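# Examination of the molecular architecture
Residue strings, one per chain:
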Amino acid sequence: MLLDDASPHPDRLASIRHRYDAGETPEHLLLDLRRRIGDCGDPGLFLHVAAPESLVAAARTLDPADRARLPLWGVPFAVKDNIDVAGMPTTAACPGFTYLPGRHATAVARLIAAGAVPVGKTNLDQFATGLVGVRTPGPAPRNPRAPDRVPGGSSSGSAVAVALGLVPFSLGTDTAGSGRVPAGLNGLVGLKPTPGATSAFGVVPACQSLDCVSVFARDVADAWAVHAVLAGYDPEDPYSRDWPMGDPATAREVHVVGVPEDGDRPRFDAAAEEAWDLCLERLTAMGATLVPVPMAAFRETAALLYEGAWVAERLSALEDFIARAGEAALLPVTRGIILGQGGRYSAADAFRAMHRLEALRRETAPIWDRIDLLAVPTAPLFPTLAEMEADPIGPNARLGTFTNFVNLLGLAALAVPGPDRPDGLPAGLTAIGPGGSDARLAGFGLRWESALRGGDVE
């Protein structure tokens, strides 16, 4: 449900600043947050929570004189447990993989330098392998809007921590939709930057050539404020690129929006299809010209990720660990993907896939000359836990219909909440643009939010 912005939401950046303006101290705010984490009633949400003494120590390093200088002064945030936070264990939801990093991931270090405070590590699909959020050895995070349905993954805990109002933002990762899908299924904004725009140094690789650090927040302004801190070249990340930052306030407006041709409708469930129709109506009401886009080349690109040689990149990242720990260290579903699928491709297969990807890049590139952005449903279905138990693979694969191709093609994406489905569950739209279009997508997202607040969606 979309919220009225007349007053600060209790879990937005403005609310944190308001609490400090009113005289609250970082020590009190952080200890109160830790208590609320303990009382939230979701045992699968966090895999590690900072000790009270660690939070007190972090609070005492915050100089009040720096409030005006540091954009995230005293702001708590959660971190997906495949991203290193010095002094907190990294497990990637695999107990046998656990290690204690001696330094922060670049993304975490930049946030701390901006005044933010990490409060804990959140659960995920093991080794970020999945879009459902329930592929974890312990309890899975519960979707606050629909406890009988999946929370979305792989960044399940990071999304739920924001959806519950525990933190104003969190970090996830997104290789094939792991930041966008849980954002859509929890009614959040999920900012997935252009690959290379934010550093992935200190992230347990899923597919290192594609991995992005993503941001969950309640609104686009907060997500962009965090992205502005994260973005920038990092010489320690070989895939880092010096993309221009841009400014959503001055980015070119969106007038022509590409949308999937109607031939993609069989991939939706009925409620998701109705929610998507409402999104199309909203786009038209905003004055956008809608242009049907053939999706065949995008679908073929997506198939390269999990039905082709790129799945072997996951095996390359974990092969040494599996050799040491044994296959039993992985969940059966993770093992089946990484070893079963990842082990079947040869070097020749990988080169054939790389050559085909370049051809698909060339084939899809002219589309961006005809449209300002491509709008797709964030998730074309919302699986129940019972459906996942009956079929651990099929619903997960369908969730990636409109996400899997994005990083392979070097694109930027922004998931935003839309009108709810007719069954009352959250739904959303993802805006996709060419590499470097992050600011333009955020500018569109701000207009989208404004249009929804001005309409009859609550």
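Anything mentioned here points back to the structure above.
Residues numbered from 1 in each chain as written. Predicted model: local features only at pLDDT ≥ 70, side-chain atom pairs only at ≥ 80, totals over all residues. Heavy atoms only, no water.

### As for helix α8 (residues 270-285)
For α8, with 16 residues, the first-to-last C-alpha span of 23 Å sits near the 22 Å given by 1.5 Å per residue. Among the residues making up α8, those that are buried are Ala271, Ala272, Ala275, Trp276, Cys279, Leu280, Arg282 and Leu283. Close packing links the buried residues of α8 with β7 (256-260), β8 (289-293), β9 (373-377), β11 (428-433) and α16 (438-454). Among the residues trailing α8, Gly287 stands out with phi positive, at a value near 95°. (Helix = DSSP H or I, 4+ residues; strand = E, 2+ residues; numbered from the N terminus. Expected span 1.5 Å × (residues − 1). Buried < 20%, exposed > 50% of the residue type's maximum accessible area, 1.4 Å probe, protein only. Contact = heavy atoms within 4.5 Å.)

### Side note on unusual backbone geometry
A negative phi angle characterises most non-glycine residues, just as the trans form characterises most peptide bonds. Note the cis peptide between Gly153 and Ser154, where omega equals 5°. Structurally, Ser154 is set in the loop between β3 (117-122) and α5 (156-163). Unlike most non-glycine residues, Ala92 shows phi in positive territory, near 55°. Here Ala92 shows up in the loop between β2 (76-80) and α4 (106-113). Positive phi outside glycine occurs at Phe127, with the angle close to 55°. The residue Phe127 is located in the loop between β3 and α5 in this model.

### Observations concerning the pattern of salt bridges
Enumeration over the complete set of coordinates arrives at 19 salt bridges. The closest approach of N and O atoms between Arg103 and Glu236, which form a salt bridge, is 2.8 Å. Highlighted residues: Arg103 in the loop between β2 and α4 and Glu236 in the loop between α7 (220-230) and β7, separated in sequence by 133 residues. With a closest N to O distance of 2.7 Å, Arg421 and Asp423 form a salt bridge. By relative accessible area, Arg421 is classed as buried at 7%. (Salt bridge = Lys/Arg side-chain N within 4 Å of Asp/Glu carboxyl O.)

The values are spatial; any link to function lies outside them.
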